[in-house]
Amino acid sequence: MTAKVKTRILLRSKRLNVYLVRYPEGHRVAPHLDMVSEGRLYKLNCVLKKPRAGGEFACEKNLLNLANRLILFRPDLHQHEVSRIERGSRWLLSFAYNRNKPA
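Our subject in this report is the structure included herewith. (Residues numbered from 1 in each chain as written. Predicted model: local features only at pLDDT ≥ 70, side-chain atom pairs only at ≥ 80, totals over all residues. Heavy atoms only, no water.)

### A word on the overall build of the chain
A tally of helices and strands in the chain yields zero helices and eleven strands. The C-alpha atoms of the chain give a radius of gyration of 14 Å, which matches the 13 Å a tight globule of 103 residues would have. Referenced to the eigenvectors of the C-alpha coordinate spread, the extents of the chain come out at roughly 50 × 25 × 25 Å. For the chain, with 103 residues in total, the buried portion stands at 34%. (Helix = DSSP H or I, 4+ residues; strand = E, 2+ residues; numbered from the N terminus. Rg over C-alpha atoms; globule rule 2.2 N^0.38 Å. Buried < 20%, exposed > 50% of the residue type's maximum accessible area, 1.4 Å probe, protein only.)

### Re unusual backbone geometry
Phi at Ala67 takes a positive value of approximately 55°, unusual for a residue other than glycine. You can see Ala67 is positioned in the loop between β7 (62-66) and β8 (70-73). Not every positive phi belongs to a glycine, and Asn68 is a case in point at roughly 55°. Mapping Asn68 onto the fold places it in the loop between β7 and β8.

### Remarks on the pattern of salt bridges
According to the stated counting rule, one finds four salt bridges in the structure shown. A salt bridge links Arg74 to Asp76, with the nearest nitrogen and oxygen atoms 2.9 Å apart. An identical accessibility class is assigned to Arg74 and Asp76; each is buried. One salt bridge in this structure joins Glu86 and Arg84, with 2.9 Å as the shortest N-O distance. Assessed through its relative accessible area of 41%, Glu86 is described here as partly exposed. (Salt bridge = Lys/Arg side-chain N within 4 Å of Asp/Glu carboxyl O.)

### Side note on the sheet that holds strand β3 (residues 29-32)
Strand order in the open sheet made by the three strands is β3-β9-β6, with antiparallel pairing throughout. Of all strands in the sheet, those with a lone pairing partner are β3 and β6 (57-59), marking the two edges. Put simply, the sheet's adjacent strands are angled 10° from each other on average, direction ignored. Examined bridge by bridge, β6 and strand β9 (residues 80-82) share three bridges and lie antiparallel to one another. By the bridge assignment for β9, Phe57 is matched with Val82. (Pairing = 2+ DSSP bridges. Axes fitted to C-alpha atoms, helices over the stretch in contact; angles between N-to-C directions.)

### Examining the packing of aromatic side chains
Throughout the structure, instances matching the rule amount to one aromatic pair. For the pair Phe57 and Phe73, a centre-to-centre distance of 5.1 Å together with 55° between the ring planes defines the contact as tilted. Highlighted residues: Phe57 in strand β6 and Phe73 in strand β8, separated in sequence by 16 residues. The exposure class assigned to Phe57 is buried, which follows from its relative accessible area of 15%. Directly above the ring of Tyr42 sits Arg74, whose terminal nitrogen or CZ lies 5.0 Å from the centroid. (Phe/Tyr/Trp six-rings, centres within 6.5 Å; stacked < 30°, edge-to-face > 60°. Lys NZ or Arg CZ within 6 Å of the ring centre and 35° of its normal.)

Here it is as structure tokens:
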């Protein structure tokens, strides 16, 4: 049996959510978009611990990518994924900011 992703919500508000996420060995994130009902979604992902093998993040377009450790992107516009984690686990601190459209 494969271990499950563990997500801890550190902050939840109308516009900003912060999560600490542990992705176990064997897990992958299929290509997808994050849907929002309104506004623009931005994510800043900080990879706290990379797995020993696999678990690479890929995105159609990043706004910022520093050594595949600090990644800023628009998950509502650009398809993104994480390859299968072959060995170890992946720890992520994720900031999700929803910027509402101006009136």
